[in-house]
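# Structural description and commentary
The residues making up each chain are set out below.
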Amino acid sequence: MIKLAHVYKNFGKTEVLKDINLEVREGEKLVIIGTSGSGKSTTVRCMNFLEEPTSGQVYVNGTLLTHKNKTEVVRSSSAMVFQSFNLYPHMDVLHNLTLAPMRLHRIPKKEAIDTAFHFLETVGLTDKAYAYPSTLSGGQQQRVAIARALCSKAKIILFDEPTSALDPEMVQEVLDVIVRLSEENITMVVVTHEMGFAREIADRIVFMDNGRIIEEGTAQHFFESPEEDRTRAFLSKII
Amino acid sequence: MIGQIFTPWRWAELLSSWQDFAFAFLTTLQVAFFALLLALCIGAIAGVLSASRSRILRAIVRVYVEFFQNTPLAIQVFFVYYALPYAGIVLYEVPIGILCVGLYTGAYISEVVRTGINSIPKGQFDAAESQGFSYVQTMALIILPQTVKAILPPLANQCVNLIKNTSILAMIAGGDLMYFSNAWATNGHFSYGPSYLICGLLYFILCFPLTHWARSYEEKLKASVQGGKA
Ligand SMILES: Nc1ncnc2c1ncn2[C@@H]1O[C@H](COP(=O)(O)OP(=O)(O)OP(=O)(O)O)[C@@H](O)[C@H]1O
Ligand SMILES: [Mg+2]
């Protein structure tokens, strides 16, 4: 589904990603964990070309992403949920959900609205369809953002720390939604600091440090018998 | 002493020529209106380009903006009026006013638009791009609508400047309000005082509501931001 091959990324002189090789299978739930600044966001952002690698290749559904085809490929294959929600503040919830389907996927208005309500139900917010984002709590905004991602009908959803900007009491409602989604055949790549949640949904966990993938394995392997010192150091700090 | 400037017979003179004043006023309105259209179009396009990722486009806009912001409007007008004819390009005064004032104000509006775009959080661009919107769609559907509120007050101020700047036409006998007030008084009426006073009043009537509106709207925006709802 997604493949990163020898991906390097520099911002100016700083090397942020160094030789990232990673393959995500269809339907797989991949969790990325790592210290702050280790390059997790950059890795996920390379998967939909929000960042273009300095060198190396990114394949989505077997297609090599290029500057030219990225908009087309990304539009039809992946959606993203951000730490800071990034809902469009000048539109109500329903418009947030129907804008891309109607404008980009040429879906008739009625159908787009039906789909929007369907996914608002999935995230438990049908009663907020006509509310503006600024009137919603952080947790509600993030659930709307997830519904927006679902409305694109993309087979891949990328989550970059979806609960990091939330007040503690709102984290669970968002995690619950993601856990429920993880039962479906959607390919998910999730960056998170929520270890319990990671353990629950992950088919595989990748640990990053300083721009490299240090360790990779099942949740069980990762939490119970990590091989690398740095992974162990990280885990001992967090748990 | 000041009474000499505004004696009744001078006002009577003026009153008898009110239709000519009205015509000059309409000329000014006409120049202002079309110059504003031109400035808004150029300003919006240049503003969007100067926020784009293309270095070449940004550089071109930069040159345009710096040139018009850092040279007097008078030179631009004189150049078109006196110099261009030697290249076979001869324009009437009103089109010159529209062109020069439009280009000049467009440079300022471009900066207003660019500042507006830059004030939008980067996350909005990320969200739009991750959904597959092109740059133009992102601007038109997501970014620019969000900037409108914030840039309306500075746009209104630019509009005020534009209206006042149309008076540059007086320097090339453009038939506008400024030119006419002066020419009329000079040509045998000797009612400079009332003439300039009425002239100023007419500009004021156009500009004051705009300035006033811009200020109160800005206050309102500030209050609503502080109140927590942008
Ligand atoms: N646009 C950018 N320009 C310059 N440097 C950047 C940019 N984006 C990220 N970086 C740098 O790249 C490094 C990796 O950033 P990245 O956001 O991928 O880390 P992260 O693992 O997601 O961290 P966090 O847990 O804090 O979100 C950091 O040192 C960061 O300062
Ligand atoms: Mg990050």
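In this report, the structure presented in the accompanying data block is examined. Not measured: the values here are computed from a predicted model.

Attention now goes to the sheet that holds strand 10 (residues 212-217) of chain A. All names here are of chain A. Ordered in space as 6-7-8-3-9-10, the six strands form an open sheet in which the pairing is mixed. Of all the strands in the sheet, just strand 6 (78-81) and strand 10 have a single pairing partner and so form its edges. The sheet shows a mean angle of 20° between the axes of neighbouring strands, taken without regard to direction. One ladder, built from four bridges, connects strand 6 with strand 7 (residues 156-160); its direction is parallel. Its bridge partner being in strand 7, Ser-78 is matched across the sheet by Ile-156.

A word on the sheet that holds strand 5 (residues 63-64) of chain A. Residues and elements named next belong to chain A. In spatial order, the strands read 2-1-4-5; together these four strands make up an open sheet with antiparallel pairing. Here the strands that pair on one side only, and so sit at the sheet edges, are strand 2 (14-24) and strand 5. Note that strand 4 (residues 55-60) and strand 5 share two bridges and pair antiparallel. Its bridge partner lying in strand 5, Tyr-59 is registered against Leu-64.

Moving on, we get to empty space enclosed by the protein. This structure, assessed with the given rule, holds three cavities of 30 Å³ or more. In this structure, the largest cavity spans a volume of roughly 80 Å³. Around the largest cavity sit Ser-78, Ala-79, Met-80, Ala-145, Arg-148, Ala-149 and Ser-152 of chain A together with Ala-127, Ser-130 and Gln-131 of chain B, which together line it. Looking at the lining of the largest cavity, the elements that each hand over two or more residues are strand 6 and helix 5 (138-151) of chain A together with helix 7 (122-131) of chain B. Split into classes, the residues belonging to the lining of the largest cavity amount to five nonpolar, four polar and one charged.

Our focus in this paragraph is the environment of Leu-84 of chain B. All names here are of chain B. With respect to the secondary-structure elements, Leu-84 resides in the loop between helix 5 (73-83) and helix 6 (93-118). Considering only alpha carbons, one finds Leu-84 and Asn-157, 73 residues apart in sequence, at a separation of 31 Å. Discounting residues that sit within four places of it in the chain, Leu-84 has contacts with Phe-79 and Ile-89.

What follows concerns the packing of aromatic side chains. Residues and elements named next belong to chain B. Tallied over the entire structure, the rule returns 16 aromatic pairs over all chains. Between the aromatic rings of Tyr-104 and Tyr-108, the centroid separation amounts to 5.4 Å while the plane-to-plane angle is 55°, which identifies the pairing as tilted. With a gap of four residues between them, Tyr-104 and Tyr-108 both fall in helix 6, about one helical turn apart. Judged by relative accessible area, which is 15%, Tyr-104 ranks as buried. Judged by relative accessible area, which is 24%, Tyr-108 ranks as partly exposed. Seen in terms of ring centroids, Phe-204 and Phe-208 are 5.1 Å apart; in terms of plane orientation they differ by 10°. Their pairing is stacked. Remark: Phe-208 and Phe-204 occur in helix 10 (residues 192-226); sequence separation between them is four residues, near one turn of the helix. Looking at Phe-208, the relative accessible area reads 41%, which means it is partly exposed.

For the rest of this paragraph, the subject is the site of ligand 1. Residues and elements named next belong to chain A. In the vicinity of ligand 1, the contacting residues are Phe-11, Val-16, Thr-35, Ser-36, Gly-37, Ser-38, Gly-39, Lys-40, Ser-41, Thr-42, Glu-161 and His-193. Within the side chain of Thr-42, a nitrogen or oxygen atom sits 2.5 Å from an oxygen atom of ligand 1. Its free accessible area being 640 Å², ligand 1 has 57% of it covered by the protein chains. Per-element accounting of the shell around ligand 1 gives the leading share, three residues, to helix 1 (residues 40-47). For the shell around ligand 1, a count of residues per class yields two nonpolar, eight polar and two charged.

Residues and elements named next belong to chain A. The interhelical angle for the contact between helix 5 and helix 6 (residues 168-181), taken along N-to-C directions, is 20°, at an axis separation of 8 Å. By the criterion of interaxial angle, the relationship of helix 5 to helix 6 is roughly parallel. The hand of the helix 5/helix 6 crossing is right-handed. Contacts between helix 5 and helix 6 involve Gly-138, Gly-139, Gln-140, Gln-142, Arg-143, Ile-146 and Leu-150 on the former and, on the latter, Met-170, Glu-173, Val-174, Val-177, Ile-178 and Leu-181. Of the residues in the contact of helix 5 with helix 6, the class split is seven nonpolar, four polar and two charged.

Conventions adopted
Residues numbered from 1 in each chain as written. Chains lettered and ligands numbered in written order. Predicted model: local features only at pLDDT ≥ 70, side-chain atom pairs only at ≥ 80, totals over all residues. Heavy atoms only, no water. Pairing = 2+ DSSP bridges. Helix = DSSP H or I, 4+ residues; strand = E, 2+ residues; numbered from the N terminus. Axes fitted to C-alpha atoms, helices over the stretch in contact; angles between N-to-C directions. 1 Å grid on protein atoms, 1.4 Å probe; cavity = no way out; pocket = protein on both sides within 12 Å on 5 of 7 lines; lining within 4 Å. Points joined across faces, edges and corners; volume = space filled by probe spheres on them. Nonpolar A, V, L, I, M, F, W, Y, C, P; charged D, E, K, R; others polar. Contact = heavy atoms within 4.5 Å. Phe/Tyr/Trp six-rings, centres within 6.5 Å; stacked < 30°, edge-to-face > 60°. Buried < 20%, exposed > 50% of the residue type's maximum accessible area, 1.4 Å probe, protein only. Near = heavy atom within 4 Å. Polar contact = N/O pair within 3.5 Å; in protein donor to acceptor, adjacent residues only side chain to side chain. Areas by Shrake-Rupley, 256 points an atom, 1.4 Å probe, with all protein chains shown as cover. Parallel < 35°, antiparallel > 145°, perpendicular 65-115°, else oblique. Left-handed = near helix turned anticlockwise from the far one by under 90°.

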